[in-house]
Amino acid sequence: MEFTSIDVKKERDTVLRFRREVFQESFGSSDSMNEEDYLDWLQKKAEEFPDGMKLVKKKGETVGQLELSVREFKGRIIGYVHLFYLEKEWRDLGFGLNLYNYAMKFFRDKDITEFHLRVAPENRRAVAFYKKLGMKEAGEELNGKVIRMTGSVNTWNL
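Below, the structure is looked at part by part.

Analysis parameters
Residues numbered from 1 in each chain as written. Predicted model: local features only at pLDDT ≥ 70, side-chain atom pairs only at ≥ 80, totals over all residues. Heavy atoms only, no water. Pairing = 2+ DSSP bridges. Helix = DSSP H or I, 4+ residues; strand = E, 2+ residues; numbered from the N terminus. Axes fitted to C-alpha atoms, helices over the stretch in contact; angles between N-to-C directions. Core = buried A, V, L, I, M, F, W, Y, C linked by side-chain atoms within 4.5 Å. Buried < 20%, exposed > 50% of the residue type's maximum accessible area, 1.4 Å probe, protein only. Contact = heavy atoms within 4.5 Å. Salt bridge = Lys/Arg side-chain N within 4 Å of Asp/Glu carboxyl O. Arc of directions from axis to C-beta.

1. A look at the sheet that holds strand E4 (residues 76–86)
Step number 1: Reading across from one edge, E1-E2-E3-E4-E5-E7-E6 is the order of the seven strands in this open sheet, with mixed pairing throughout. Each edge of the open sheet is held by one strand with a lone partner, namely strand E1 (2–5) and strand E6 (136–141). Neighbour-to-neighbour, the strand axes of the sheet open up by a mean angle of 30°, direction not taken into account.
Step number 2: Where strand E2 (residues 53–58) meets strand E3 (residues 61–73), six bridges bridge the pair, whose relative direction is antiparallel.

2. Focus on the nonpolar core
Step number 1: Core analysis: the largest hydrophobic core is formed by 29 residues, its most contacted members being Leu 68, Phe 107, Phe 115, Val 119 and Tyr 130.
Step number 2: The element that contributes the greatest number of residues to this core is helix H3 (residues 96–109), accounting for seven residues.
Step number 3: When neighbours within four sequence positions are excluded, Tyr 130 is seen to be in contact with Phe 84, Leu 117, Val 119, Met 135 and Met 149.
Step number 4: Counting 16 residues, the second largest nonpolar core, distinct from the first, contains Phe 23, Ala 46, Leu 55 and Leu 83.

3. Structural notes on the pattern of salt bridges
If the charged atoms of two oppositely charged side chains come close together, the side chains can form a pair.
Step number 1: Scanning all chains against the criterion turns up 13 salt bridges.
Step number 2: Where Arg 76 meets Glu 114, a salt bridge forms, and the shortest distance between an N and an O atom there is 2.9 Å. Residue Arg 76 is located in strand E4, and its partner Glu 114 is located in strand E5 (residues 114–119); the two are separated by 38 residues in the primary sequence.
Step number 3: Given the relative accessible area of 34%, Arg 76 is considered partly exposed.
Step number 4: Between Asp 92 and Arg 125 there is a salt bridge, and its shortest N-O distance comes to 3.4 Å. With a gap of 33 residues between them, Asp 92 in the loop between E4 and H3 and Arg 125 in helix H4 (residues 124–132) connect regions that are remote in the sequence.
Step number 5: What makes Arg 125 partly exposed here is its relative accessible area of 44%.

4. Notes on H4
Think of an α-helix as 3.6 residues a turn; residues three or four steps apart then line up on the same face.
Step number 1: Those residues of H4 lying buried are Ala 126, Val 127 and Tyr 130. Burial along H4 is one-sided: seen end-on, the buried residues are contained in an arc of 100°. Those residues of H4 that are exposed and aimed more than 90 degrees away from the buried face are Arg 124 and Lys 132.
Step number 2: Lining the buried residues of H4 we find E4, E5, E6 and strand E7 (146–152).
Step number 3: Of the residues trailing H4, Gly 134 is marked for its positive phi of about 100°.

5. A word on unusual backbone geometry
Trans peptide bonds make up most of the peptide bonds, and negative phi angles are found at most residues other than glycine.
Step number 1: Of note in this structure, Asp 111 is not a glycine but carries a positive phi near 60°.
Step number 2: Counting through the fold element by element, Asp 111 comes out in the loop between H3 and E5.
Step number 3: Backbone geometry at Asn 143 places phi at a positive 55°, although glycine is not the residue there.
Step number 4: Assignment of secondary structure puts Asn 143 in the loop between E6 and E7.
Step number 5: Classification of Asn 143 as exposed rests on a relative accessible area of 84%.

As C-alpha coordinates, this is what we get:
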(Lines give C-alpha, C1' and ligand atoms only; values in the text may rest on other atoms or scores of the structure.)
Protein backbone atom coordinates (compact mmCIF):
# COMPACT_ATOMS: atom_id res chain seq x y z
CA MET A 1 0.00 0.00 0.00
CA GLU A 2 1.08 3.54 -0.68
CA PHE A 3 0.29 6.56 1.50
CA THR A 4 0.15 9.85 -0.39
CA SER A 5 -0.40 13.39 0.84
CA ILE A 6 -3.90 14.75 0.43
CA ASP A 7 -4.29 17.63 -2.01
CA VAL A 8 -7.67 18.84 -0.78
CA LYS A 9 -8.53 20.78 -3.94
CA LYS A 10 -7.48 17.99 -6.30
CA GLU A 11 -8.95 15.14 -4.20
CA ARG A 12 -12.09 17.03 -3.09
CA ASP A 13 -14.60 14.57 -4.52
CA THR A 14 -12.77 11.53 -3.14
CA VAL A 15 -12.34 12.83 0.43
CA LEU A 16 -15.97 14.01 0.51
CA ARG A 17 -17.21 10.63 -0.75
CA PHE A 18 -15.17 8.79 1.89
CA ARG A 19 -16.38 11.12 4.66
CA ARG A 20 -20.02 10.73 3.55
CA GLU A 21 -19.65 6.95 3.58
CA VAL A 22 -18.22 7.07 7.11
CA PHE A 23 -21.15 9.23 8.30
CA GLN A 24 -23.61 6.88 6.57
CA GLU A 25 -22.07 3.77 8.14
CA SER A 26 -21.67 5.35 11.57
CA PHE A 27 -24.82 7.41 11.94
CA GLY A 28 -27.18 6.13 9.24
CA SER A 29 -27.05 9.40 7.30
CA SER A 30 -24.60 12.03 6.11
CA ASP A 31 -27.18 14.82 6.39
CA SER A 32 -25.43 16.40 9.40
CA MET A 33 -22.09 16.61 7.59
CA ASN A 34 -21.04 20.13 6.60
CA GLU A 35 -18.87 19.56 3.53
CA GLU A 36 -17.25 23.00 3.37
CA ASP A 37 -16.39 22.97 7.08
CA TYR A 38 -14.85 19.52 6.64
CA LEU A 39 -12.78 20.61 3.63
CA ASP A 40 -11.55 23.71 5.49
CA TRP A 41 -10.64 21.59 8.53
CA LEU A 42 -8.89 18.99 6.36
CA GLN A 43 -6.87 21.65 4.56
CA LYS A 44 -5.67 23.11 7.87
CA LYS A 45 -4.80 19.68 9.26
CA ALA A 46 -3.01 18.70 6.03
CA GLU A 47 -0.82 21.77 6.44
CA GLU A 48 -0.22 21.12 10.15
CA PHE A 49 0.28 17.33 9.85
CA PRO A 50 1.26 16.57 6.23
CA ASP A 51 2.51 13.13 7.27
CA GLY A 52 -0.77 12.42 9.06
CA MET A 53 -3.36 13.29 6.40
CA LYS A 54 -2.99 10.58 3.77
CA LEU A 55 -4.85 8.88 0.97
CA VAL A 56 -4.28 5.15 0.83
CA LYS A 57 -3.56 3.65 -2.58
CA LYS A 58 -3.20 0.14 -3.91
CA LYS A 59 -1.79 -0.26 -7.42
CA GLY A 60 -2.47 3.43 -8.07
CA GLU A 61 -6.12 3.21 -7.05
CA THR A 62 -7.28 5.27 -4.05
CA VAL A 63 -8.82 2.76 -1.64
CA GLY A 64 -8.82 4.58 1.70
CA GLN A 65 -7.86 7.51 3.85
CA LEU A 66 -6.08 8.18 7.14
CA GLU A 67 -6.33 11.31 9.25
CA LEU A 68 -3.86 11.46 12.15
CA SER A 69 -2.83 14.29 14.44
CA VAL A 70 -1.43 15.13 17.85
CA ARG A 71 -3.57 16.98 20.39
CA GLU A 72 -4.11 17.70 24.05
CA PHE A 73 -6.64 15.64 26.01
CA LYS A 74 -7.21 16.15 29.73
CA GLY A 75 -3.77 17.67 30.22
CA ARG A 76 -1.94 14.98 28.22
CA ILE A 77 -0.54 15.06 24.69
CA ILE A 78 -2.01 12.16 22.72
CA GLY A 79 -2.20 10.90 19.18
CA TYR A 80 -5.60 11.07 17.57
CA VAL A 81 -7.09 9.10 14.69
CA HIS A 82 -9.71 11.31 13.04
CA LEU A 83 -10.38 8.91 10.19
CA PHE A 84 -9.40 5.31 9.54
CA TYR A 85 -11.11 4.28 6.33
CA LEU A 86 -10.95 1.60 3.67
CA GLU A 87 -13.52 1.16 0.92
CA LYS A 88 -15.76 -1.85 1.51
CA GLU A 89 -14.16 -4.08 -1.12
CA TRP A 90 -10.75 -3.62 0.56
CA ARG A 91 -11.90 -4.59 4.05
CA ASP A 92 -11.38 -7.98 5.67
CA LEU A 93 -8.32 -8.60 3.50
CA GLY A 94 -5.69 -7.63 6.05
CA PHE A 95 -5.11 -4.14 4.64
CA GLY A 96 -6.41 -2.47 7.81
CA LEU A 97 -3.16 -3.54 9.48
CA ASN A 98 -1.22 -1.50 6.93
CA LEU A 99 -3.15 1.60 7.97
CA TYR A 100 -2.71 0.77 11.64
CA ASN A 101 1.04 0.25 11.22
CA TYR A 102 1.31 3.59 9.45
CA ALA A 103 -0.53 5.26 12.33
CA MET A 104 1.73 3.63 14.94
CA LYS A 105 4.84 4.80 13.09
CA PHE A 106 3.39 8.33 12.80
CA PHE A 107 2.78 8.45 16.56
CA ARG A 108 6.15 6.89 17.46
CA ASP A 109 7.97 9.38 15.25
CA LYS A 110 6.34 12.13 17.31
CA ASP A 111 7.18 10.45 20.67
CA ILE A 112 3.49 9.78 21.35
CA THR A 113 2.72 6.77 23.54
CA GLU A 114 -1.08 6.97 23.79
CA PHE A 115 -3.63 7.47 21.04
CA HIS A 116 -7.41 7.78 20.87
CA LEU A 117 -10.19 7.59 18.35
CA ARG A 118 -13.95 7.71 18.43
CA VAL A 119 -16.24 5.21 16.77
CA ALA A 120 -20.00 4.84 16.56
CA PRO A 121 -21.16 1.93 18.77
CA GLU A 122 -23.29 0.70 15.85
CA ASN A 123 -20.12 0.21 13.83
CA ARG A 124 -19.54 -3.16 15.50
CA ARG A 125 -17.07 -4.32 12.90
CA ALA A 126 -14.79 -1.34 13.52
CA VAL A 127 -15.11 -1.69 17.30
CA ALA A 128 -14.17 -5.38 17.04
CA PHE A 129 -11.19 -4.53 14.80
CA TYR A 130 -9.88 -1.92 17.24
CA LYS A 131 -10.32 -4.29 20.20
CA LYS A 132 -8.47 -7.02 18.31
CA LEU A 133 -5.58 -4.55 18.02
CA GLY A 134 -5.58 -4.03 21.79
CA MET A 135 -7.60 -0.85 22.08
CA LYS A 136 -9.92 -0.34 25.04
CA GLU A 137 -13.24 1.42 25.37
CA ALA A 138 -12.90 4.56 27.50
CA GLY A 139 -16.56 5.59 27.58
CA GLU A 140 -19.35 7.13 25.58
CA GLU A 141 -19.27 10.69 24.26
CA LEU A 142 -21.64 13.00 22.38
CA ASN A 143 -24.68 11.64 24.23
CA GLY A 144 -23.82 8.05 23.31
CA LYS A 145 -23.31 8.71 19.59
CA VAL A 146 -19.67 7.60 19.83
CA ILE A 147 -17.34 5.57 22.00
CA ARG A 148 -13.86 6.89 22.79
CA MET A 149 -11.28 4.14 22.44
CA THR A 150 -7.68 4.31 23.63
CA GLY A 151 -4.58 2.45 22.62
CA SER A 152 -0.92 2.27 23.53
CA VAL A 153 1.65 2.90 20.84
CA ASN A 154 4.40 1.21 22.86
CA THR A 155 2.66 -2.17 22.91
CA TRP A 156 2.35 -2.38 19.14
CA ASN A 157 5.13 -4.12 17.21
CA LEU A 158 5.50 -2.88 13.64
